[in-house]
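Each chain, written out:
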Amino acid sequence: MKAITKYWFLEGFNLFKKLGMLNMMKICEILEMDNIEKGQAIELNDTHKNSVFFLKKGSVKIVNTTNGTVKYVVKRGNIFGELALYNKEAATEEVAYALEDCIICYIASEQMEDLMEQHKSLKNGVLKIYGLRIQKLERRLHDLLYKDSTTRIKEFITDYLEEFGEINEKGTSTAKNLLSHKEIANLTNTSRQTVSNVLSTMRKEGVIDYNVQFISDTK
C-alpha cells in the first residue's frame, strides 16, 4: 500500500503527533498493513513475530497463552505488542484476538527500536504506554488484595465505559459489549457467575443497561 495511504492510517495516534508529516511518511514506507476479521488471532509469536502493532480500527484483547486469561483490551488509536521491545521471551506468551473487524499496521521490533532512538518523542511515548500497562496490572493486583469481588466488577464496568464508551446528547456513555462474562471475570479475578450476578444487580438498580451488543450507564 502506498505510503500516503498508510499515513492516513497513522493519523489520530498521539504517539506520532510530534514527528511531523515528513518523518511520518518515512515511517509509513516501512510499515506493513493487514485487515483482521473478528475472532481472528494475531499470533505475536508466529506470523507477526516480534512486531509492534498500531490499531487503526476495531479493538483487540491480549491473552496470556499459558493460562488463556485476558490481560487487557486495546481500542483503536493505540498500540500493542510493545512487549517485544523490552522482553522478547515474554512477548511469545501473548496472543491478540480481534474483538471486531480490525485494521492494523505493524513494524518489526528492531525497526521500531531504531526509530525510537532517532525520535525522542516516539521513545518517550512508547515508554509511557508500557508504563501505563504495568500500572494497570499492578492496580489489578492491589484490587485483588484489598477490594471485594463486587467492587472490582463495578469499578471495571465504570472504567470500561469511560475508556470505550461514547457520550450521547443525554450525557450517558454507551460502549460496544465486546467482552463475555467469563472475560470480565478474568480481568477482575472473579468468577463468571459473580460477574453475571453483579451486572444483573446493577441493571435492576438502574446503574447500567446492557444487551448482547451494547452496555451503557444510566446517569
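Keep in mind the model is a prediction, meaning the values are calculated, not measured.

Participant: Explain the layout of surface pockets to me, and be specific about the residues and the numbers.
Facilitator: Considered as a void within the structure, the largest pocket measures approximately 1,200 Å³ in volume. Looking at the largest pocket, it is lined by 37 residues, and the ones nearest its centre are V73, L132, R133, K136 and E163. Among the secondary structure elements, those contributing two or more residues to the lining of the largest pocket are β5 (70-75), β6 (78-80), α5 (120-146), α6 (149-164) and α7 (181-188). When residues of the lining of the largest pocket are assigned to their parent elements, the largest contribution, twelve residues, is made by α5. For the lining of the largest pocket, a count of residues per class yields 14 nonpolar, nine polar and 14 charged. If you add up the space inside the second largest pocket, you get close to 340 Å³. For the second largest pocket, the lining is made up of 15 residues, of which R76, E100, F164, E166 and K176 are closest to its centre. With three residues, the top contributor of residues to the lining of the second largest pocket is strand β10 (residues 173-176). Each residue belonging to the lining of the second largest pocket can be placed in one class, and the counts come to four nonpolar, four polar and seven charged.

Participant: Residue-level account of the packing of α6 against helix α8 (residues 192-204), with values.
Facilitator: Remark: α6 packs on α8, axes separated minimally by 10 Å, with the N-to-C direction vectors making an angle of 65°. α6 and α8 meet at a crossing whose hand is right-handed. Here S149, T150, I153, K154 and I157 of α6 come into contact with α8, specifically with T194, V195, V198, L199 and M202. Per-class residue counts for the contact of α6 with α8 are six nonpolar, three polar and one charged.

Participant: I'd like a rundown of the packing of aromatic side chains, residues and numbers included.
Facilitator: In the structure shown here, the tally under the stated rule is eight aromatic pairs. Taken together, a centroid distance of 6.2 Å and an interplanar angle of 70° make the contact between F13 and F16 edge-to-face. Like F13, the residue F16 is buried in the burial classification. Considering the side-chain rings of F53 and F80, the 4.8 Å spacing of their centres and the 5° angle between planes classify their relative orientation as stacked. A residue pair is termed long-range when its members are at least 10 positions apart, and F53 in strand β3 (residues 51-57) and F80 in strand β6 qualify at 27 residues. Each of the two residues, F53 as well as F80, counts as buried. Taken together, the aromatic side chains of F13, F16 and F54 make up a single cluster linked through ring pairs.

Participant: Report on helix α4 (residues 109-118), specifying residues and quantitative values.
Facilitator: For α4, the complete set of buried residues consists of S109, M112, L115 and M116. The arc that holds every buried residue of α4, seen down its axis, measures 115°, which confines them to one face. Among the exposed residues of α4, those pointing more than 90 degrees away from its buried face are E117 and Q118.

Thresholds, definitions, all that
Residues numbered from 1 in each chain as written. Predicted model: local features only at pLDDT ≥ 70, side-chain atom pairs only at ≥ 80, totals over all residues. Heavy atoms only, no water. 1 Å grid on protein atoms, 1.4 Å probe; cavity = no way out; pocket = protein on both sides within 12 Å on 5 of 7 lines; lining within 4 Å. Points joined across faces, edges and corners; volume = space filled by probe spheres on them. Helix = DSSP H or I, 4+ residues; strand = E, 2+ residues; numbered from the N terminus. Nonpolar A, V, L, I, M, F, W, Y, C, P; charged D, E, K, R; others polar. Axes fitted to C-alpha atoms, helices over the stretch in contact; angles between N-to-C directions. Left-handed = near helix turned anticlockwise from the far one by under 90°. Contact = heavy atoms within 4.5 Å. Phe/Tyr/Trp six-rings, centres within 6.5 Å; stacked < 30°, edge-to-face > 60°. Buried < 20%, exposed > 50% of the residue type's maximum accessible area, 1.4 Å probe, protein only. Arc of directions from axis to C-beta.

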